[in-house]
Amino acid sequence: MSCLCMSCSEKNNELFSKTDNFVESLQTTYDSYGIMNIDEFSEKTSDSLYAVTPIGRLINVKLLIPSEVSEYEKLKTELSNHYKNDKRVNDVYICAAGTIMIDCRTNK
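Since we're looking at a predicted model, the values are computed, not measured.

> Even after reading the chapter, I still don't get the sheet that holds strand 4 (residues 91-94), so can you show me in this structure?
Two strands in a sheet stick together by hydrogen bonds in their backbones, pointing the same way (parallel) or opposite ways (antiparallel). The strand order 1-2-3-5-4 describes an open sheet built from five strands, whose pairing is antiparallel. The sheet is open, and its two edges are formed by strand 1 (43-44) and strand 4, each paired on a single side. Pairing between strand 1 and strand 2 (residues 50-55): two bridges, direction antiparallel. Note that in strand 2 the partner of Glu43 across the bridge is Val52. Sitting on the sheet, helix 2 (residues 69-83) touches strand 2, strand 3 (58-63), strand 4 and strand 5 (100-103), and the angle it makes with strand 4 is about 175°.

The structure is reproduced here in structure tokens:
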């Protein structure tokens with residue numbers, strides 16, 4: 001059982017590292033990733049469970065394996081908890097397309 005929890009933790013660490021890099025780059029490198037050539041920036045986790053793609057000032061997290069709604073809810077909660085005190089992230093939500101969005105849009 002502890003091995004299972006450890007692998008989940010490692011999986012999330014890699015996912016969080018990828019999303020953190022995009023959140024940071026929206027503060028330091030890019031004003032926006034735009035909507036053209038988004039595949040150029042897309043990254044998959046090494047276990048091929050997730051794809052992380054920046055679109056404009058949103059970061060899209062997609063589960064690459066067929067998943068129940070509860071899996072999306074669990075991941076949304078984990079990402080929300082990860083970013084709850086990060087002022088660069090406005091919201092984490094499940095969008096209508098069935099992916100999770102990390103909203104880094106600025107309030108102007």
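> Help me out: how do you make sense of unusual backbone geometry in this one?
Positive phi outside glycine occurs at Ser48, with the angle close to 55°. For Ser48, a relative accessible area of 40% gives the class partly exposed.

> Got a minute to help me understand the packing of aromatic side chains in this structure?
Aromatic ring pairs are described here by two measures, namely the spacing of the ring centres and the angle between the planes. Overall, the coordinates contain four aromatic pairs when judged by the stated rule. Ring geometry for Phe22 against Tyr33: centres 5.7 Å apart, planes inclined by 80°, an arrangement best described as edge-to-face. Of this pair, Phe22 sits in helix 1 (residues 2-28) while Tyr33 is found in the loop between helix 1 and strand 1, placing the two residues eleven residues apart along the sequence. By the burial criterion, Phe22 is buried, and Tyr33 matches it. Ring centres of Tyr33 and Phe41 lie 4.8 Å apart, and the angle between their planes is 75°; this geometry places the pair in the edge-to-face category. An aromatic cluster is defined as three or more aromatic residues linked by ring pairs; in this entry it consists of Phe22, Tyr30, Tyr33 and Phe41.

Definitions and limits used
Residue numbers restart at each chain and count upward from 1, following the sequence in its written direction. Per-residue local features of the predicted model are confined to residues with pLDDT of at least 70, and side-chain atom pairs are confined, for both listing and counting, to 80 or more; whole-chain, interface and lining totals are unaffected and use all residues. As a rule here, side-chain values cover all heavy atoms of the structure and leave hydrogens and water aside. Here a strand pair is declared whenever DSSP counts at least two bridges between the two strands. Where helices and strands are cited, they refer to DSSP runs of H or I of at least four residues and of E of at least two residues respectively, numbered from the N terminus. Whether two residues touch is decided by their heavy atoms; if any such pair falls within 4.5 Å, the residues are in contact. Whenever a helix is involved, its axis is fitted only over the stretch in contact; in every case the axis is a line through C-alpha atoms, and angles between N-to-C directions fall within 0 to 180 degrees. Using a 1.4 Å probe on the protein chains alone, a residue whose accessible area is under 20% of its type maximum counts as buried, one over 50% counts as exposed, and one in between counts as partly exposed. Each aromatic pair joins two rings of Phe, Tyr and Trp (for Trp, the six-membered one) with centres within 6.5 Å, and gets the label stacked for planes under 30 degrees apart, edge-to-face for over 60, and tilted for any other angle.

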